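Summary of structural features
The chain contents come next:
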Amino acid sequence: DAKTTQPPSMDCAEGRAANLPCNHSTISGNEYVYWYRQIHSQGPQYIIHGLKNNETNEMASLIITEDRKSSTLILPHATLRDTAVYYCIAVFKDSNYQLIWGAGTKLIIKP
Amino acid sequence: SQTIHQWPATLVQPVGSPLSLECTVEGTSNPNLYWYRQAAGRGLQLLFYSVGIGQISSEVPQNLSASRPQDRQFILSSKKLLLSDSGFYLCAWSLGVSYNSPLHFGNGTRLTVT
């Protein structure tokens, strides 16, 4: 599975867009990019995933570069409740969820 | 809608005691089921997954075992706990092929072995 790298922490002002970067330079053509977040002491929550095209849902947007070596998760209007650890994961087609979870990015939304 | 229940939320057990953590899923049939463990400040480590009743795959050799006695029930067990078994245990489910099907997690069990 491709390894992903993320900054350990980021701050964002409430109401602004939060842009969380992820590098996955060794990703293969069969690997999806998934984003989850984990609020303290809870189970991770699925946010969004994509393969090649940009994706948007009610929670966020996912922008994947054309060479697929990096992606950005965008929370368009961050609220205090978006404070969490955000994980970027590359999921191989036949991985059976033997995912490599890194330490993620601790996003702190400030009032 | 689908829901996943995991209990207990917290557990303190002495070394050498047995363990049984239970997870059930409602609102779906034939889900893939997973047990993960998370050490403090770290990412998740897959322990077991199951694609059907009685079908268990182990990803990491350890002191734990898993069983799936019913379609929507997944149990994590140990005969004798070790100090190193402490951690945050998460159950999850998914539908369909793993690479295009999100995981949905329970709220976890925080296990402390003393």
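Throughout what follows, the structure given in this document is the object of discussion. Remember, it's a predicted structure, so these values are computed and weren't measured experimentally.

Definitions and cut-offs
- Residues numbered from 1 in each chain as written.
- Chains lettered and ligands numbered in written order.
- Predicted model: local features only at pLDDT ≥ 70, side-chain atom pairs only at ≥ 80, totals over all residues.
- Heavy atoms only, no water.
- Core = buried A, V, L, I, M, F, W, Y, C linked by side-chain atoms within 4.5 Å.
- Buried < 20%, exposed > 50% of the residue type's maximum accessible area, 1.4 Å probe, protein only.
- Helix = DSSP H or I, 4+ residues; strand = E, 2+ residues; numbered from the N terminus.
- Contact = heavy atoms within 4.5 Å.
- Pairing = 2+ DSSP bridges.
- Disulfide = S-S within 2.5 Å.
- Phe/Tyr/Trp six-rings, centres within 6.5 Å; stacked < 30°, edge-to-face > 60°.

Turning our eyes to something else, we now look at the nonpolar core. The biggest cluster of nonpolar side chains holds 21 residues, and the ones touching the most others in it are W35, L73, Y86 and L107 of chain A. Element by element, the count of residues in this core is highest for strand 8 (residues 84–91) of chain A, at four residues. Core analysis: the second largest hydrophobic core is formed by 20 residues, V25, W35, C91 and W93 of chain B among them.

Moving on, we come to the environment of L62 of chain A. Residue and element names in this part refer to chain A. Residue position: L62 is located in strand 6 (residues 61–64). Note: C-alpha distance between L62 and Y32 (30 residues apart in sequence) is 12 Å. Excluding its chain neighbours within four sequence positions, the residues that come into contact with L62 are V33, W35, I48, H49, G50, N54, E55, S71 and T72.

Turning next to the sheet that holds strand 2 (residues 18–23) of chain A. Read across the open sheet, the four strands follow the order 2-7-6-5 (chain A); overall the sheet is antiparallel. Strands at the two margins of the open sheet, each flanked by one partner only, are strand 2 and strand 5 (55–56) of chain A.

The next subject is the state of the cysteines. Residue and element names in this part refer to chain A. In the structure shown here, the tally under the stated rule is two disulfides over all chains. Disulfide partner of C22: C88, at an S-S distance of 2.0 Å. Classification of the bridge connecting C22 and C88 rests on its S-S torsion, roughly -80°, and on that basis the disulfide is left-handed. Residue C22 is found in strand 2, and its partner C88 is found in strand 8; the two are separated by 66 residues along the sequence. We note that C22, like C88, is buried.

Let us now look at the packing of aromatic side chains. In total, this model carries eight aromatic pairs over all chains according to the counting rule given. Arranged with centres 6.1 Å apart and planes meeting at 85°, the rings of Y36 of chain A and F105 of chain B form a pair that is edge-to-face. Residue Y36 of chain A is located in strand 3 (residues 32–38), and its partner F105 of chain B is located in strand 10 (residues 104–105); the two belong to separate chains. There is no split in this pair, since Y36 of chain A and F105 of chain B are both buried. Ring centres of W35 of chain B and F74 of chain B lie 6.1 Å apart, and the angle between their planes is 25°; this geometry places the pair in the stacked category. Residue W35 of chain B is located in strand 4 (residues 32–38), and its partner F74 of chain B is located in strand 8 (residues 73–78); the two are separated by 39 residues in the primary sequence. For W35 of chain B, a relative accessible area of 0% corresponds to the buried category. Given a relative accessible area of 0%, F74 of chain B falls into the buried group.

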